[in-house]
Each structure stands twice: as C-alpha cells, then as structure tokens.
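# Fold and contact review
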Amino acid sequence: MKFKFKTKPYDHQLKALEASYNKEAFALLMDMGTGKSKVLVDTIAHLDLMDEINSVLILAPKGVYKNWVGKEIPAHIPDSIKHKIAYWASPLTKKHKDDIRDIWRPDENLHIFVMNIEALSSGKAEEVATKFIRSHGGQTLIAIDESTVIKNHKARRTKGAIRVSKLCKYKRILTGSPITKTPLDLFSQFQFLGEQLLGFKSYYAFCARYADMIKRSAAGGSHQYNQILGFRNLDELTN
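Anyway, here's the lowdown on the structure attached to this text.

Ordered in space as 1-6-5-2-4-3, the six strands form an open sheet in which the pairing is parallel. Pairing within the sheet leaves two strands with one partner each, and these edge strands are strand 1 (25-28) and strand 3 (83-87). Direction aside, the axes of adjacent strands within the sheet are offset by 15° on average. Of the strand pairs in this sheet, strand 2 (residues 55-60) and strand 4 (residues 110-116) are connected by six bridges, and their pairing is parallel. Its bridge partner being in strand 4, Val56 is matched across the sheet by Ile112. Here helix 3 (residues 65-76) sits on the sheet and contacts strand 2, strand 3, strand 4, strand 5 (140-145) and strand 6 (170-174); the angle it forms with strand 3, its principal contact strand, is near 155°. Sitting on the sheet, helix 7 (residues 186-193) is in contact with strand 1, strand 5 and strand 6, with an inclination near 155° to strand 6.

What follows is the structure in structure tokens.
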C-alpha cells in the first residue's frame, strides 16, 4: 500500500486488503469482530491516493450508520487523506442540508456521504444519493455495511440500492453472515455488486437452480405462491 496506515492492520486484515483493494466489486464476508470496517477505510484511502475515486457513499442500518461518521472513519483514515463528511438525517435540518450541499461540490477533498439504508425506501433519499454520485462523475465507491439489509429482492430499499450502485465505479458489501435464513439471501447482495455476478440476472432463475419449489394455492384459491421444499446445488453456489 502506498500510504501510511493510521492504525496497523492485523495479518488477516492486510490479507483481505491485498486481495480486494483494486477490485471493482468485492464482498468482505468477514466474521464479526475481525475489523472489516478498517479494511474498507484502508481501501478507500488507497483508491483516493491513486485518484481512482473522489467520493464515497456508505449505506448502513439505522442503528449503526452514524458509527461510520463518529468512530470508524476518524479512527482509520490516514491523516494524509483530506476529506469532508456528511450524513443523512430525517428530518433534514438546515445544517444537514448545508453539509450535504457542501459534499456535492467537487474540490480537492475526498467527499464521504453516510446514509441509513432504510432511507432508500424514500424516493427523496435515493434522489439525493444519485445527485451526490453524479456530482462527482461516478468516481464513487459505494459500500453496504451489514449487507443482509438488502437480502429481500422485492424491498424498495434493495431496489434503490441496486439502482444507485450502477452509477458507481467501485462496490463493496460487508457482512459476517451473508445468509440469515436461506441461501436465496445471497442473490440481491451480489446483484448490488454486479448483475449476473453469480451467473443469474433473474431472481427466479437463481431460485430454479438452487431451490426445490412447488406451487401452492392460498386458502380460498385467491392466489398462488411458491413454497420452498429444500435446496440443491449448494456446493456449486458456495464455490
């Protein structure tokens, strides 16, 4: 790495960084407590110093997203990286609006915008995120912390996150447990990183490959639904 670490990485963090720092898309599937946040911040530092990015959009669950502003970024970003940071809040105060407008304007700083992922259920928040990315010419790294927050492919926030990710140059997901209920949780997390990264553009084609399903009728026959009976080809999916 061509910068001085602010905090010395452990061997496993350095290994993860060296494997991922120059990849356009990468999943940091690292156990809780192993310091994947630091790996992301060090990646950001490297890409900024190489002039690969000029902006960062971090999406995280509501309960933890401000940790990136108050803890993770200040703790690990090298002093050599001059940056501005703003975060989404609801309702938006005048100060928040001013801070966000400030990071829309390109200058010599790295501009970092932190949002709670739930906000992307709102068209307004997605519009603001899109404007931020476009104002920096798409030279943006986008990351989702605890990426199982987008495991539901039908959720508005999942669709919003995937739409804005398509505007960005670099993409990362972070989680220690990419599967919380079923292997199908993986689909939208990897769609965020890149369409067809797992080999399927369609969720239903993905299901057909890895799940055994049967059509059932709801009580009264009002509608039909797919019931999952089990899973298959999981060694292939794991590989």
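This brings us to the pattern of salt bridges. Within this structure, the stated rule accounts for twelve salt bridges. Of the charged contacts, one joins Asp98 and Arg101 as a salt bridge, the two residues approaching to 3.4 Å between their closest N and O atoms. Of this pair, Asp98 and Arg101 both sit in helix 4 (residues 94-104), separated by three residues, roughly a single helical turn. Linking Glu236 and Arg209 is a salt bridge whose minimum nitrogen-to-oxygen distance equals 2.6 Å. Of this pair, Glu236 sits in helix 9 (residues 234-238) while Arg209 sits in helix 8 (residues 203-210), placing them 27 residues apart in sequence. By relative accessible area, Arg209 is classed as partly exposed at 33%. Three or more residues are tied together by salt bridges with common partners; here these are Lys84, Asp102, Arg105 and Asp107.

Between helix 1 (residues 11-20) and helix 2 (residues 36-49), whose axes approach to 10 Å, the crossing angle comes to 45°. In terms of their interaxial angle, helix 1 and helix 2 are classed as oblique. Where helix 1 crosses over helix 2, the two elements pack in a sense that is right-handed. Residues Gln13, Ala16, Leu17 and Ser20 of helix 1 touch helix 2, and the partners they reach there are Lys38, Val39, Asp42 and Thr43. Tallied by class, the residues present in the contact of helix 1 with helix 2 amount to three nonpolar, three polar and two charged.

This part is about the environment of Thr180. Inspection of the secondary structure puts Thr180 in the loop between strand 6 and helix 7. Taking the C-alpha atoms as reference, Thr180 lies 16 Å from Leu237; in sequence the two are 57 residues apart. What Thr180 contacts, discounting residues up to four positions off in sequence, is Thr148, Lys151 and Asp185. Side chain to side chain, Thr180 and Lys151 meet in a polar contact 2.6 Å long.

Here the focus is the packing of helix 2 against helix 3. Helix packing geometry: the angle between the two helix axes and the distance between the axes. At a minimum axis separation of 9 Å, helix 2 and helix 3 run at an interaxial angle of 65°. Here helix 2 and helix 3 pass one another in a crossing that is right-handed. On helix 3, the residues touching Ser37, Lys38, Leu40, Val41 and Asp42 of helix 2 are Trp68, Glu72, Ile73 and His76. Taken together, the residues of the contact of helix 2 with helix 3 break down into four nonpolar, two polar and three charged.

The rules we used
Residues numbered from 1 in each chain as written. Predicted model: local features only at pLDDT ≥ 70, side-chain atom pairs only at ≥ 80, totals over all residues. Heavy atoms only, no water. Pairing = 2+ DSSP bridges. Helix = DSSP H or I, 4+ residues; strand = E, 2+ residues; numbered from the N terminus. Axes fitted to C-alpha atoms, helices over the stretch in contact; angles between N-to-C directions. Contact = heavy atoms within 4.5 Å. Salt bridge = Lys/Arg side-chain N within 4 Å of Asp/Glu carboxyl O. Buried < 20%, exposed > 50% of the residue type's maximum accessible area, 1.4 Å probe, protein only. Parallel < 35°, antiparallel > 145°, perpendicular 65-115°, else oblique. Left-handed = near helix turned anticlockwise from the far one by under 90°. Nonpolar A, V, L, I, M, F, W, Y, C, P; charged D, E, K, R; others polar. Polar contact = N/O pair within 3.5 Å; in protein donor to acceptor, adjacent residues only side chain to side chain.

Read these as spatial facts, not as claims about activity.
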